[in-house]
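So you can see what is in the structure, the chains are spelled out below.
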There are 2 protein chains.
Amino acid sequence: MNKNNFCVIMAGGIGTRFWPMSRISRPKQFIDVLGIGETLIQQTFRRFEKICPRENIFIVTNLMYRNLVHEQIPGLGEYQVLCEPARRNTAPCIAFANQIISNINPDANIIVAPSDQVIINEDRFVEILNSALNVSEQNDWLLTLGIKPTYPNTGYGYIQFNENQVLETNRELRKVITFTEKPCYEMAVKFLKDGDFLWNSGIFIWSLKSITKAFSEHLPEILEVFRPLSSEITEAKIEETYTICPSISIDYGIMEKAQNVYVMVSDFGWSDVGTWASLYEVREKDKNLNTIVGKNVMTYDTKDCIITMPKHKLAVLQGLEDFIVIEEDDILLICKKDQEQQIRKFVSDVEVEKGEKFL
Amino acid sequence: MNKNNFCVIMAGGIGTRFWPMSRISRPKQFIDVLGIGETLIQQTFRRFEKICPRENIFIVTNLMYRNLVHEQIPGLGEYQVLCEPARRNTAPCIAFANQIISNINPDANIIVAPSDQVIINEDRFVEILNSALNVSEQNDWLLTLGIKPTYPNTGYGYIQFNENQVLETNRELRKVITFTEKPCYEMAVKFLKDGDFLWNSGIFIWSLKSITKAFSEHLPEILEVFRPLSSEITEAKIEETYTICPSISIDYGIMEKAQNVYVMVSDFGWSDVGTWASLYEVREKDKNLNTIVGKNVMTYDTKDCIITMPKHKLAVLQGLEDFIVIEEDDILLICKKDQEQQIRKFVSDVEVEKGEKFL
């Protein structure tokens, strides 16, 4: 395994979209959303162990999740868990990790990835990333993984690539033309028809040198803010850094502006499981198309439901169709699948009416 | 308060119809099914305290519920809780209590009543029972309370009374012609139309002398079986008695055969809450016609539901219509209201698949 291979897992999200399965105190990445005995961050870490030496894997998370990370991935060195005292989007998160890695190995070749995605074909995933690392090692390019879209999802960002310019050395690698934010449905349909659009996975591959160069070109102020961490890394210093650091995404700050961006056309079965609907897609289903997590769930005249119950809990469910039924700790949520966009409102109502303890 | 007034509360039922709210270890009578802070047996006891001296109220229950009775009705003397070691239907239950009461007061005037009914108008209830006690004190009659039916319920027994024979002394008292078991729907409709049928409440009023006479006439073998308890009451003796005692209901064994049966036409708002549907009728409803017990239940697009949640539990329910949603301890039941007859099957499946711990 190449000693220069590094990985930065971004695990700072605090989303409550999967409430009550996810809670502020334990967001999605720290949950076994698939019900397979492994949380999303554990799966992510395990996947990258096949690509990078374990000691080269860094996790950037919010300060409040430090213990959760150590609990879920035992044996990590303290230096591997980078704790952000504030949320500043992805560019600072990456700049932080870059600075730490540059103190260790200036020749680092880095994968940056979210901690909360589902990958179906792990072998193919590893294969594509190794191929990408080879490319980034040899070229001053910023690579991203683009997923072949299978339907007009309006919740993802899209990447348009240059159809005509095929690299002889790597036919899956294409030059990026544009990044597009979440499109409307008609636009998404057109993207699929056009054939030169991919889903933006949010997984990046670049050498430390290339990404540092890109920062100095497009986001010099962020590079500057993190530079003091080259000599001394203390919590006070990090706190100070984040206080003055602006909030900006790597997509907006660098990827959409840089001219040396390439995309690897990927087909390893990917989901960012950002909605209950997408979670439903990737979870195993029974003959009535229910996806059930829980040892004691009995269903009658029930179909097309997403059900998650604690292990000890007995649930007898009759007459439900197209529902989300989730129990976690002291909270039960029942909601029609096609009304999941309302959950944000429910959580906000809960906060107002019942206080923070249920968030 | 008349020192001869006695009350026998029958609390031996182990029904699981309200599972999982009711459990074998805590059947319906020991549950606050209305969500008003009082269990059914507590309500029943409190009602009869207005009619009988507290020390004259006896509770006949199954041996396994002795502690539950003492917990829910603190301060009862040990002698007031008669524990049956086996289930033998109502006639032995009444014979047992009669024997115990006859050791105390041969002039007792007794009300016998189930422990798990709901009475809406308690003042009227007390008024009618006092009137009935007056009648039973002065006549060798067996009285029962008949409820003016409000709709063709097929789950109740009916009592046909003699329309033409009105007693000048008590216009609400009528001679009984027949007892009818649960009728089919068409029959129930006819009963209501005829106007001379009442719902059988299962509440009886008689003097100890009259009911003893009726036993000696119609069920002498049961009278005989309990006679040894006149001299010595020990658990072993009771155990022995119940081993040889046949199982028979007071309706079948005596009421349907005796010629001196009268019914008090009663209108105090009564329900035996024998089904979820009838529980729905008597519980308070919100503006969406949901009846909700639980401090932290939030509903959206939800109507006509019966919801019971533990106090500490937060439930956010969206998109449910005509459902039963019950959580009790470690069990959640969701079932369409019009499918409640299936619950018996669910419970049986649970027993087979998950064992007795959830019953």
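Here's what I pulled together on the structure shown here.

Definitions and limits used
- Note on numbering: residues in each chain are counted from 1, in written sequence order.
- Labels are handed out in written order, letters beginning with A for the chains and numbers beginning with 1 for the ligands.
- Confidence filtering applies because this is a predicted model: local features only for residues at pLDDT of at least 70, side-chain atom pairs given and counted only at 80 or more, and all residues used for totals across whole chains, interfaces and linings.
- To obtain the side-chain values, all non-hydrogen atoms of the structure were included, while hydrogens and water were left out.
- The contact criterion used throughout is that any non-hydrogen atoms of two residues lie within 4.5 Å.
- The quantity reported as buried area is the accessible area (1.4 Å probe) lost by two parts once they are put together, taken as the sum for both.
- Take a side-chain nitrogen of Lys or Arg and a carboxyl oxygen of Asp or Glu: if they are within 4 Å of each other, that pair is a salt bridge.
- Relative accessibility under 20% of the residue-type maximum defines a buried residue, over 50% an exposed one, and the middle range a partly exposed one, all with a 1.4 Å probe and only protein chains included.
- Every helix listed is a DSSP run of H or I at least four residues long, and every strand listed is a run of E at least two residues long, numbered separately from the N terminus.
- Strands are labelled as partners when DSSP assigns at least two bridges between them.
- Multiply 1.5 Å by the residue count of a helix minus one, and that product is the helix's expected span.
- Only the contacting stretch of a helix is used when fitting its axis, a line to C-alpha atoms as for every element, and angles between N-to-C directions run 0 to 180 degrees.
- Each angle is binned into one of four classes, with values under 35 degrees roughly parallel, values over 145 roughly antiparallel, values of 65 to 115 roughly perpendicular, and all other values oblique.
- Put simply, a crossing is left-handed when the front helix is turned counterclockwise from the back one by less than a right angle, and right-handed when it is turned clockwise.
- For this classification, Asp, Glu, Lys and Arg are treated as charged, while Ala, Val, Leu, Ile, Met, Phe, Trp, Tyr, Cys and Pro are nonpolar and the rest, including Gly, are polar.

1. Re the interface of chain B and chain A
Okay, so step 1: Tallying the contact residues gives 35 residues for chain B and 35 residues for chain A.
Okay, so step 2: Roughly 2800 Å² is buried in total at the junction of chain B and chain A, and carbon and sulfur atoms are behind 65% of that figure.
Okay, so step 3: It is Leu314(B), Gln318(B) and Leu332(B) that lose the most area in chain B upon contact with chain A, and together they represent 23% of the buried surface on that side.
Okay, so step 4: Among the ionic pairs, Lys313(B) bridges to Glu327(A), the shortest N-O distance being 2.6 Å.

2. What to know about the pairing of strand 10 (residues 261–266) of chain A
Residues and elements named next belong to chain A.
Okay, so step 1: Within strand 10, six of the six residues are buried, leaving the element largely enclosed by the surrounding structure.
Okay, so step 2: Side chains of strand 10 alternate between two faces, with Val 261, Val 263 and Val 265 and Tyr 262, Met 264 and Ser 266 buried alike.
Okay, so step 3: In this sheet, strand 10 lies alongside strand 6 (residues 142–147) in parallel orientation, the contact comprising six bridges. From the neighbouring strand, Leu 143 faces strand 10, where its bridge partner is Tyr 262.
Okay, so step 4: Examined bridge by bridge, strand 8 (residues 173–180) and strand 10 share three bridges and lie antiparallel to one another. Counted as the bridge partner of Leu 173 is Met 264 from strand 10.

3. Observations regarding the side chain of Lys313(A)
Okay, so step 1: Here Lys313(A) lies in the loop between strand 14 (306–308) and strand 15 (314–318).
Okay, so step 2: Beyond its immediate stretch of four places on either side in the chain, Lys313(A) contacts Asn296(A), Glu327(A), Lys313(B), Glu327(B), Asp329(B), Asp330(B), Ile331(B) and Leu332(B).

4. A closer look at helix 3 (residues 90–104) of chain B
All names here are of chain B.
Okay, so step 1: In a regular helix each residue adds 1.5 Å, so 15 residues correspond to 21 Å; helix 3 covers 21 Å between its end C-alpha atoms and thus fits that length.
Okay, so step 2: Burial analysis of helix 3 places 12 of its 15 residues in the buried class, which makes it a mostly covered element.
Okay, so step 3: Buried within helix 3 we find Thr 90, Ala 91, Pro 92, Cys 93, Ile 94, Ala 95, Phe 96, Ala 97, Asn 98, Gln 99, Ile 100 and Ile 101.

5. Description of the packing of helix 3 (residues 90–104) of chain A against helix 6 (residues 208–218) of chain A
Packed helices, taken two at a time, are described by the angle their axes make and the gap between the axes.
All names here are of chain A.
Okay, so step 1: Put simply, helix 3 and helix 6 touch, their axes get as near as 11 Å, and they point 130° apart. For the element pair helix 3 / helix 6, the angle class is oblique. In terms of crossing hand, the pair formed by helix 3 and helix 6 is left-handed. Residue-level contacts link Ala 91, Ile 94, Ala 95, Asn 98, Ile 101 and Ser 102 of helix 3 to Leu 208, Ile 211 and Phe 215 of helix 6.
Okay, so step 2: Tallied by class, the residues present in the contact of helix 3 with helix 6 amount to seven nonpolar, two polar and no charged.

On their own, these measurements won't tell you what the molecule is for.
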